[in-house]
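Residue strings, one per chain:
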Amino acid sequence: MFDKQQILPIACDHGGYEMKEYIKQKLAGLGYKIKDLGTFSSDSVDYPDYIHPLAKAINDDEYKQGIVLCGSGNGAQITANKYRNARAALCWTVEQAELSRRHNNANILSLPGRFINKELAMEIALKFLNTEFEGGRHQRRVEKISQTL
Ligand code: RB5
């Protein structure tokens, strides 16, 4: 369960801009404290420029969880996962979001702004924010993720 007293950062490129604005407003309406790291219009930008700062901040423990968006969700997820302590999950369904938290302890949700509708994106975000990591055998697996060969 993400604590509403903590700051929730959100970042996107132009492909995720409209969805980011919708989610930001809806979450704020529910009492979440959102830190908007851009982009701030639908003008074309390069997604790494906006995703790196969010992922680095999560990596450095400045924030507990965050949300990133781009057109497909892929570029945002791939960029975020360059950081050792980032576990970004690209989610298209509520079930994926639930599993990304329960099994993978995902700390970044990546949403595909051009492939799902904003209402579903909001449901996915709420499931992500309100699902706990199960630990146990999954803890061992998560610890192995950064043990590259
Ligand atoms: C931008 O056109 C698009 O490539 C970007 O939003 C994202 O889908 C990249 O993975």
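These remarks concern the structure in this document. From a predicted model like this one, the values you see are computed outputs, not experimental measurements. (Residues numbered from 1 in each chain as written. Predicted model: local features only at pLDDT ≥ 70, side-chain atom pairs only at ≥ 80, totals over all residues. Heavy atoms only, no water.)

### A word on the overall build of the protein chain
In step 1: Of the regular secondary structure elements, the protein chain holds six helices and five strands.
In step 2: For 149 residues, the compact-globule formula gives about 15 Å, and the C-alpha radius of gyration of the protein chain, at 14 Å, lands near that figure.
In step 3: For the protein chain, the spread of C-alpha atoms along the three principal axes comes to 40 × 30 × 25 Å.
In step 4: The burial tally for the protein chain puts 48% of its 149 residues in the buried class.
In step 5: In the protein chain, of all internal contacts separated by at least 6 residues, the share reaching a separation of at least 24 is 71%.
In step 6: In the structure as shown, the protein chain presents an accessible area of about 7,700 Å², 48% of it carried by carbon and sulfur atoms.
In step 7: Positive and negative side-chain charges of the protein chain, numbering 20 and 18 respectively, have mean locations separated by a distance of 6 Å. (Helix = DSSP H or I, 4+ residues; strand = E, 2+ residues; numbered from the N terminus. Rg over C-alpha atoms; globule rule 2.2 N^0.38 Å. Buried < 20%, exposed > 50% of the residue type's maximum accessible area, 1.4 Å probe, protein only. Contact = heavy atoms within 4.5 Å. Areas by Shrake-Rupley, 256 points an atom, 1.4 Å probe, with all protein chains shown as cover. Lys, Arg positive; Asp, Glu negative; His and termini not counted. Charge placed at Lys NZ, Arg CZ, Asp CG, Glu CD.)

### Remarks on the site of the ligand
In step 1: In the vicinity of the ligand, the contacting residues are D13, H14, Y47, C70, G71, S72, G75 and R114.
In step 2: Interatomic distance of 2.6 Å between a side-chain N/O atom of D13 and an oxygen atom of the ligand.
In step 3: Between the ligand and G71 there is a distance of 2.7 Å, counted from an oxygen atom to a backbone nitrogen or oxygen.
In step 4: Here the ligand has 290 Å² of accessible area as a free molecule, and 69% of this is covered by the chains.
In step 5: Here the residues of the shell around the ligand sort into two nonpolar, four polar and two charged. (Near = heavy atom within 4 Å. Polar contact = N/O pair within 3.5 Å; in protein donor to acceptor, adjacent residues only side chain to side chain. Nonpolar A, V, L, I, M, F, W, Y, C, P; charged D, E, K, R; others polar.)

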